[in-house]
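Secondary and tertiary structure notes
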Amino acid sequence: MTGSPIGVGLLGLGNVGGGVAEYLHKHGDSGGLRLVGAAVKDLSKPRDTSVPYVTDDAYRVIRDPDVQILVELVGGEQALEYHMEAIEKGKSLVTANKLVIARYAPQIFEAARRKGVDVGFEASVGGGIPIVQTLREDLAGNKISVIRGIVNGTTNYILTRMGEGMKYEDALEIAQQKGFAETDPTSDVSGEDARYKLAILSSLAWNAWINPASISCEGIPEITPQDFDYAGDVGYTIKLLATARTHDGKLEVRVNPALIRGTSHPSGPHPLSGVRDEFNAIYLEGDLCGPQLYYGRGAGRYPTTSAVVADIRRLARNLRTDVRDDLPTLDGHVELVQNPVSGGYIRASLEHVPGTAAKVFDILGRHGINVMDSLQRRTFGYEDGDGKTVIPDIITIEPTNDSFVKEAMRELATCDGVHGKPVYLRIEE
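Cut-offs and rules
- Residues numbered from 1 in each chain as written.
- Predicted model: local features only at pLDDT ≥ 70, side-chain atom pairs only at ≥ 80, totals over all residues.
- Heavy atoms only, no water.
- Axes fitted to C-alpha atoms, helices over the stretch in contact; angles between N-to-C directions.
- Helix = DSSP H or I, 4+ residues; strand = E, 2+ residues; numbered from the N terminus.
- Parallel < 35°, antiparallel > 145°, perpendicular 65-115°, else oblique.
- Left-handed = near helix turned anticlockwise from the far one by under 90°.
- Contact = heavy atoms within 4.5 Å.
- Nonpolar A, V, L, I, M, F, W, Y, C, P; charged D, E, K, R; others polar.
- Buried < 20%, exposed > 50% of the residue type's maximum accessible area, 1.4 Å probe, protein only.
- Pairing = 2+ DSSP bridges.
- Phe/Tyr/Trp six-rings, centres within 6.5 Å; stacked < 30°, edge-to-face > 60°.
- Lys NZ or Arg CZ within 6 Å of the ring centre and 35° of its normal.
- Arc of directions from axis to C-beta.
- Salt bridge = Lys/Arg side-chain N within 4 Å of Asp/Glu carboxyl O.
- Core = buried A, V, L, I, M, F, W, Y, C linked by side-chain atoms within 4.5 Å.
- Polar contact = N/O pair within 3.5 Å; in protein donor to acceptor, adjacent residues only side chain to side chain.

**A few points about the packing of helix α1 (residues 15-27) against helix α11 (residues 301-321)**
As a packed pair, α1 and α11 sit with axes 9 Å apart at the nearest point and diverge in direction by 55 degrees. One way to sum up the angle between α1 and α11 is to call them oblique. Helix-helix and strand crossings are classified by hand; for α1 and α11 the assignment is right-handed. The segment α1 lies against α11, with Asn15, Val16, Gly18, Gly19, Val20, Glu22 and Tyr23 engaging Arg301, Tyr302, Thr304, Thr305, Val308, Val309, Ile312 and Arg313. When its residues are assigned to classes, the contact of α1 with α11 shows seven nonpolar, five polar and three charged.

And the structure:
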């Protein structure tokens, strides 16, 4: 490699930051890269990677004149200040921060264009799956009609275990023991993490900023063994899906658990049904490329390091040749679907007494919801504190507006004879 090495500064030496530092220590010379220094929150914590200097002052690294590429791996919204400072100082930026990119991409990209620097964010979605650059470059000539993915490894691991018979709480505990789930898993299990990632993917695919707050989001904590029991009976499995698709010129974006065709379904399995454990997969359709599926590890030290290093190497090459990536303008206009139509089933735990089911069907009918089928899961029946028998009822409904379902669900939750909170799960074909 000719010329002086490109200086790299790190913010964060945790799981991924340590992986990046390890790569630069072992292979930086061959790639014309040099790790200059790193900033960490806790200087007393032992490190297993050699770094020229380590500081607890992020701005020392950002403002170091030898740093040409800043790599931000500390996460959180506060990192936006680091992004903007690095760009203002003329540094190219690499980040895995999905929250900041999802919420603030327009201003970050505009600042980078103004200063003539690059921004790489491959690691913000999909771990080691190269989906960001694929959408930015390889599929840029396509008109994308569908993106549907499993983009959160924590929830996919939990749902995989639940599909084998575990309860949610037990599956979550194992995920935490294995390092696939945080001590506080709220962002993952609520669907928030997937929402940020979907906002990034859909913004790139349609070159229009999709505010993550505008994406409907539902999580997995209310899924139970009887849901998997029913799904298996009819040839389906359950996954947390991040979906963006066009309808009559509008874009529908949402994150929700759903039933998708499994291996025993008469029509064959959905492309995402076999994605297990902590793996991610992203399915998309373009007018030129047709259907495509991208699959790999969605998180972890080395898959995410792979994505970060790919960005570092590309941005370093750009610096040597004095070129810059074309950052997305995100200036397109997309009208979002406000009240999408879906079909699925409602699970409600009903007192096993005459008239309870009739009350439920009356509520659904008054809200314009047509019932296709009703099946009591007697295997999961139980007695409440008053000695009443309670049996879950799976009520399959025809496709209808989400607003009708939400209104019906609110009324069902207060209906005499319905125990607990009823749950709605969509069925995706």
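**A closer look at unusual backbone geometry**
The backbone phi angle of aspartate 277 is positive, close to 55 degrees, even though this residue is not glycine. In this structure, aspartate 277 sits in the loop between β10 (250-261) and β11 (279-286). For aspartate 277, a relative accessible area of 22% puts it in the partly exposed group. You will see that aspartate 322, though not glycine, has its phi angle at about 55 degrees, which is positive.

**So, the sheet that holds strand β4 (residues 69-72)**
Reading across from one edge, β3-β2-β1-β4-β5-β6 is the order of the six strands in this open sheet, with parallel pairing throughout. In the strand order of this sheet, the two ends are held by β3 (54-55) and β6 (119-120), each with one partner. For strand β1 (residues 6-11) and β4, the ladder comprises four bridges, and the chain directions are parallel. What sits directly across from leucine 11, in β4, is glutamate 72. Sheet strands touched by α11: β1, β2 (33-39), β4, β5 (92-95) and β6. Its angle to β5, the strand with the most contacts, is close to 170 degrees.

**Notes on the packing of aromatic side chains**
Note on aromatic pairs: each is described by the distance of the centres and the angle between the planes. Taken as a whole, this structure holds five aromatic pairs when the rule is applied. Here the aromatic rings of tyrosine 59 and tyrosine 82 are separated by 5.5 Å at their centres, their planes lie at 75 degrees, and the arrangement is edge-to-face. Of this pair, tyrosine 59 sits in helix α2 (residues 58-62) while tyrosine 82 sits in helix α3 (residues 79-88), placing them 23 residues apart in sequence. Look at tyrosine 59 and you get partly exposed, because its relative accessible area is 23%. One residue, arginine 60, lies across the ring of tyrosine 53, its end atom 3.9 Å from the ring centre. Against the face of tyrosine 157 rests arginine 161, its NZ or CZ located 4.8 Å from the ring centre.

**Here we look at helix α7 (residues 168-177)**
Of all the positions in α7, only Tyr168, Ala171, Leu172 and Ala175 are classed as buried. Buried residues along α7 cover an arc of 100 degrees about the axis, so they all sit on one side. Away from its buried face by more than 90 degrees, α7 exposes Glu169 and Gln177. Next to the buried residues of α7 lie α6 (153-163) and α8 (186-189).

**What to know about the pattern of salt bridges**
Scanning all chains against the criterion turns up 30 salt bridges. A salt bridge links glutamate 411 to arginine 366; the shortest N-O distance between them is 2.5 Å. Taken together, the residues glutamate 411 in helix α13 (residues 402-412) and arginine 366 in helix α12 (residues 356-366) connect sequence positions 45 residues apart. Taking relative accessible area as the criterion, glutamate 411 reaches 26% and is therefore assigned partly exposed. A single salt-bridge network, built from bridges that share partners, covers Arg148, Arg245, Glu252, Arg254 and Glu428.

**Description of the packing of helix α5 (residues 131-138) against helix α9 (residues 192-206)**
α9 packs onto α5 with a crossing angle of 10 degrees between their chain directions and a minimal axis gap of 9 Å. Compared by their axis directions, α5 and α9 come out roughly parallel. Taken together, the residues of α9 that come into contact with α5 (itself represented by Ile131, Val132, Leu135 and Arg136) are Leu201, Leu204 and Ala205. Of the residues that constitute the contact of α5 with α9, the class distribution is six nonpolar, no polar and one charged.

**Quick notes on the nonpolar core**
Grouped together as the largest cluster of nonpolar side chains are 83 residues, with contacts concentrated most on Ile108, Val119, Ile131, Leu135, Ile147, Ile158 and Leu259. With residues up to four places along the chain from it excluded, the contact list for leucine 135 reads Ala140, Ile147, Leu201, Leu204, Ala205 and Leu284.

**Structural notes on the environment of threonine 155**
As for its placement among the helices and strands, threonine 155 is situated in helix α6. Between the C-alpha atom of threonine 155 and that of leucine 43, which follows or precedes it by 112 residues, the distance is 33 Å. Not counting residues within four places of it along the chain, the set of residues in contact with threonine 155 comprises Asp188, Val189, Ile220 and Leu240.

**Overview of the environment of asparagine 339**
Within the element layout of this structure, asparagine 339 appears in the loop between α11 and β13 (341-351). In sequence terms asparagine 339 and lysine 388 are 49 residues apart; their C-alpha atoms lie 38 Å from each other. Excluding residues that lie within four positions of it along the chain, asparagine 339 makes contacts with Asn401, Asp402 and Ser403. A distance of 3.4 Å separates the side chain of asparagine 339 from the backbone nitrogen of aspartate 402, its partner in a polar contact. Separated by 2.9 Å, the side chains of asparagine 339 and serine 403 make a polar contact.

**Quick word on the pairing of strand β12 (residues 290-297)**
Direction of pairing for β11 relative to β12: antiparallel, over a ladder of eight bridges. The residue of β12 that forms the bridge with phenylalanine 279 is arginine 297. In textbook terms, the turn of a hairpin is the stretch between consecutive antiparallel strands, and for β11 and β12 this stretch comprises three residues.

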